[in-house]
Each structure stands twice: as structure tokens, then as C-alpha cells.
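# Structural characterization, general
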Amino acid sequence: MKLQRKNRRVLALGALAVSGALALTACGSDDTGGGEGGDSTATAAAGNIDCGDASGQLQASGSSAQKNAIDAWVKQYTAACKSVQVNYNPTGSGAGITAFLQGQTAFAGSDSALDPEEVTDSKKTACTNGGQAIDLPMVGGPIAVGYNVPGVDSLVLDSATLAKIFDSKITNWNDKAIAALNPDAKLPDLKIQAFHRSDESGTTDNFTKYLSAAAPNDWKYEPGKSWEAKGGQSASGSSGLAQQVTQTAGAISYFELSYAKGGMKTVKLNTGAGTPVEATLENATKAIAAAKRVGTGKDMALELDYATKAEGAYPITLVTYEIVCDKGNKAETLPSVKSFLGYMASEDGQGVLTEADYAPMPAEVIAEVRKTVESLS
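Cut-offs and rules
- Residues numbered from 1 in each chain as written.
- Predicted model: local features only at pLDDT ≥ 70, side-chain atom pairs only at ≥ 80, totals over all residues.
- Heavy atoms only, no water.
- 1 Å grid on protein atoms, 1.4 Å probe; cavity = no way out; pocket = protein on both sides within 12 Å on 5 of 7 lines; lining within 4 Å.
- Points joined across faces, edges and corners; volume = space filled by probe spheres on them.
- Helix = DSSP H or I, 4+ residues; strand = E, 2+ residues; numbered from the N terminus.
- Core = buried A, V, L, I, M, F, W, Y, C linked by side-chain atoms within 4.5 Å.
- Buried < 20%, exposed > 50% of the residue type's maximum accessible area, 1.4 Å probe, protein only.
- Salt bridge = Lys/Arg side-chain N within 4 Å of Asp/Glu carboxyl O.
- Pairing = 2+ DSSP bridges.
- Right-handed = clockwise from strand over helix to strand, strands pointing away.
- Disulfide = S-S within 2.5 Å.
- Axes fitted to C-alpha atoms, helices over the stretch in contact; angles between N-to-C directions.
- Parallel < 35°, antiparallel > 145°, perpendicular 65-115°, else oblique.
- Left-handed = near helix turned anticlockwise from the far one by under 90°.
- Contact = heavy atoms within 4.5 Å.
- Nonpolar A, V, L, I, M, F, W, Y, C, P; charged D, E, K, R; others polar.

### Description of empty space enclosed by the protein
Per the counting criterion, the structure on display carries 2 cavities of 30 Å³ or more. In terms of lining residues, the largest cavity is bounded by 13 residues, among which Gly-140, Gly-141, Glu-256, Leu-318 and Tyr-358 are the most central. Of all the secondary-structure elements, those providing two or more residues to the lining of the largest cavity are strand 4 (133-147) and strand 13 (317-325). Top contributing element to the lining of the largest cavity by residue count: strand 4, with 4 residues.

Put into C-alpha cells, the structure is as follows:
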């Protein structure tokens with residue numbers, strides 16, 4: 001499985017190379033609300049940003065889940081640090097880690113923590129002077145399950161039903177299992193169009209970890225960045241999945257809450273708690289706050305409880321990590337890496353996340369991240 005994933009990453013790098021010239025510069029190029037220019041909010045926040053010796057271009061890629069957050073951060077940061085150009089390409093977590101390990105980028109965004117093999121590889125390639133790649137949790141949020149079912153404005157599903165839908169075992173919206181969870185809904189006789197990511201994705205990793213943990217009898221596939229189940233349809237990136245749900249009657253898919261725009265409906269989850277849980281920032285933060293730190297040293301990888309039944313805790317939640325070398329970073333980009341990541345972890349940086357439909361890191365977690373960023377060398 002490792003070999004297959006490496007092969008997929010090589011293919012992903014081909015796409016990355018082709019799209020390099022189209023890398024998102026300063027703020028993104030799609031409809032994420034980033035935009036350039038300095039409004040009054042950006043100007044006010046800019047005064048609190050420490051640019052240090054940052055200058056030149058800062059290349060990064062990876063998680064599409066955090067792209068809208070990156071756009072918001074870059075808008076504020078470049079209003080203060082005009083000598084820095086931040087280029088973030090949302091190629092997906094798998095391709096982003098590969099690019100970082102091959103020395104193409106200064107840092108990567110990933111919705112899954114590094115595995116031991118990737119840490120070992122980083123010591124040979126990306127990080128010099130005895131350094132290694134580490135995980136810095138920077139942004140979180142719920143993975144919403146968006147749907148497009150005409151006439152159905154509220155929908156409750158549980159983990160077993162979701163697993164069967166995405167494994168092509170439930171194929172119609174008026175299926176008795178869905179009806180039992182939604183006795184008051186007028187479910188149409190309509191084929192289910194389940195969409196999953198075509199690229200390696202930390203969002204897929206977290207979504208399949210949820211299915212595996214909460215519905216082990218109905219989801220027999222190994223969780224991972226690559227989609228393993230048969231059937232269904234695919235699209236690239238979170239934005240691609242959200243677009244398919246918007247334009248396809250009968251569609252259902254998974255993506256970060258910030259992509260559930262334009263009145264899109266999202267599923268409430270029956271977790272076994274007293275009431276179904278909505279995909280909200282508050283409910284995601286409850287789940288992240290209960291996570292265990294499993295990283296050692298400067299690594300801050302977290303372990304989430306995907307099978308939680310706690311009241312108000314939304315279980316399909318992800319944490320996006322910035323992947324960087326603890327030491328042995330390139331001298332020409334180190335000042336910009338420390339300055340930009342330092343802003344992202346700052347009180348002001350974390351403060352912009354809720355406006356962009358993301359969950360800030362818990363106070364004790366982000367305080368440790370700040371210390372680690374300051375120590376990067």
C-alpha cells in the first residue's frame with residue numbers, strides 16, 4: 001500500500017509541476033473571498049505582524065482544506081510584509097508532503113500527521129543538519145457532509161448509513177435506512193450520487209477514519225489519503241466536490257465547512273448523543289479540545305476521537321498541520337517561514353479563522369505551536 005501511495009504521489013507531482021506556473025499567489029484565484037488589497041481590517045491587523053527579515057518568495061503547497069484560511073492569512077500578512085510573496089498551491093495533502101520532502105517548498109499543509117516513513121525520508125532530503133519534519137497543528141474545523149436532495153431541507157444520518165452510502169450499498173434517497181432516521185422528511189425516489197476525492201487528501205483520510213472508527217461493521221476499508229471504496233464518482237479538491245454537490249441533484253460529499261457555501265445543506269450526525277450534531281465551528285472545537293497529543297519532541301501530532309458520543313461534539317473533524325523542518329531549513333526561506341507561520345499561530349492570526357469558517361486551535365495547543373515556530377532553525 002505504501003508503494004501504491006508513493007506512485008500516486010509521483011503522478012500528483014506531475015500535476016504539481018504543470019500547475020506550478022498557476023500557483024496561487026498572495027491570495028487565491030478562486031471564489032474564496034481572499035482577494036488582494038488592504039482594507040481597514042487588514043491595515044489594523046498588519047501593525048501586529050512581525051516581518052523580521054522576511055523577504056522574497058515563500059513557496060508552499062498541500063491541503064486544499066486550509067486554502068480559504070491561507071487566503072485570509074496571506075491577505076493580512078502581505079499587507080504588513082510587502083517584501084514577501086506567499087505562493088500556496090492547494091494540490092492536496094499527499095502531493096504537498098511529497099513536494100516538501102523533495103525540497104520544492106518551504107513548508108507543506110496536511111490534514112493528516114506525518115507517518116514514520118515520511119519523517120525518516122525528511123531526514124534524508126528536506127531537512128539538513130540532523131533536522132526532521134514535524135507537525136504543527138494550525139487550523140481545524142468540521143468536515144461537513146453536504147447534500148443536494150430537492151425538497152429535503154434537514155437530513156440526519158448516522159455513521160452506518162453514511163458508510164453504506166459511500167460504499168454503494170445504499171443507492172437511493174428513499175431507502176428505508178435513511179427514512180428511519182428522517183421520519184418527517186419527504187425523501188424522493190432519486191438516485192444517490194456519492195462523490196469522493198480523486199487526489200490524495202487528508203480530508204479523505206479523516207473522513208474514512210471516522211467511518212472506520214464509528215461504523216467498523218459497515219466500513220471495511222483501511223483509512224487513508226487515497227479513496228479505497230468501489231463505485232461512486234470523484235472530483236479533485238474540496239472545491240471540486242462542493243461544486244459537484246451544488247450542481248448535481250442527488251449528490252452527497254464531504255468537505256470542509258468553509259466550502260459549504262450558497263445555502264448548501266449539510267447533514268446532522270446521529271452519534272448516539274441526545275440530539276443529532278451539526279457541523280459547526282463550536283462543535284468541532286469541542287472535538288479538537290478532547291484530542292490527545294501523540295507527537296513527541298517538537299512534533300505536535302494529535303489523535304482525535306472519531307467515535308465520540310459526547311453531547312455537541314462533531315466527530316468528523318480535522319486538524320490541518322503545517323509540515324516544516326525543526327532544524328535544517330533553507331537559510332534563504334527560514335526568516336519568511338518563521339514570520340509567516342508565527343503570524344498564523346498568533347492571536348491575530350487565529351482570530352481570523354472563525355470569519356473564514358474555521359476553528360482556531362485550543363489555547364494550550366497554539367501556545368506550544370508558537371514556541372516551536374520561534375525555535376525553528
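### Here's the deal with the nonpolar core
Ranked by internal contacts, the top residues of the largest apolar core, which has 105 residues, are Trp-73, Phe-166 and Ile-252. Counting residues per element, this core draws most heavily on strand 4, which supplies 9 residues.

### Some words on the pattern of salt bridges
Counted under the stated rule, the structure contains 7 salt bridges. Residue Lys-265 is joined to Asp-153 by a salt bridge in which the shortest nitrogen-to-oxygen separation is 3.9 Å. Residue Lys-265 is located in strand 9 (residues 265-266), and its partner Asp-153 is located in the loop between strand 4 and strand 5 (156-158); the two are separated by 112 residues in the primary sequence. Here Asp-153 falls in the exposed class, since its relative accessible area comes to 58%. Linking Arg-197 and Asp-199 is a salt bridge whose minimum nitrogen-to-oxygen distance equals 2.8 Å. Like Arg-197, the residue Asp-199 is buried in the burial classification.

### Digging into the pairing of strand 6 (residues 193-197)
Buried residues dominate strand 6, accounting for 5 of its 5 residues. Bridging between strand 6 and strand 8 (residues 251-256) involves 2 bridges; their strand directions are parallel. Looking across to strand 8, one finds that Gln-193 is bridged to Ala-251. Alignment of strand 6 against strand 7 (residues 233-235), held across 3 bridges, turns out to be parallel. Each bridged residue has a counterpart across the sheet, and for Phe-195 the counterpart in strand 7 is Gln-233. Where the polypeptide runs from strand 6 across helix 8 (residues 202-214) and back to strand 7, its parallel neighbour, the crossover connection is right-handed.

### A few points about the state of the cysteines
By the definition in use, this model includes 2 disulfides. Linked covalently through their sulfurs, Cys-51 and Cys-81 form a disulfide whose S-S length is 2.0 Å. The sign of the -95° torsion about the S-S bond sets the Cys-51-Cys-81 disulfide as left-handed. Of the two residues, Cys-51 is situated in the loop between helix 2 (40-46) and strand 1 (56-62) and Cys-81 in the loop between helix 3 (67-80) and strand 2 (84-89); the sequence distance between them amounts to 30 residues.

### Remarks on the packing of helix 3 against helix 11 (residues 334-345)
Where helix 3 meets helix 11, the axes come as close as 10 Å, and the angle between the chain directions of the two elements is 115°. The orientation of helix 3 relative to helix 11 falls into the category roughly perpendicular. For the element pair helix 3 and helix 11, the recorded crossing hand is right-handed. From helix 3, Ile-70, Trp-73, Val-74, Gln-76 and Tyr-77 reach across to helix 11, where they touch Ser-336, Ser-339, Phe-340, Tyr-343 and Met-344. Across the contact of helix 3 with helix 11, the residue classes tally to 7 nonpolar, 3 polar and no charged.

Function cannot be inferred from these measures alone, as they are strictly geometric.
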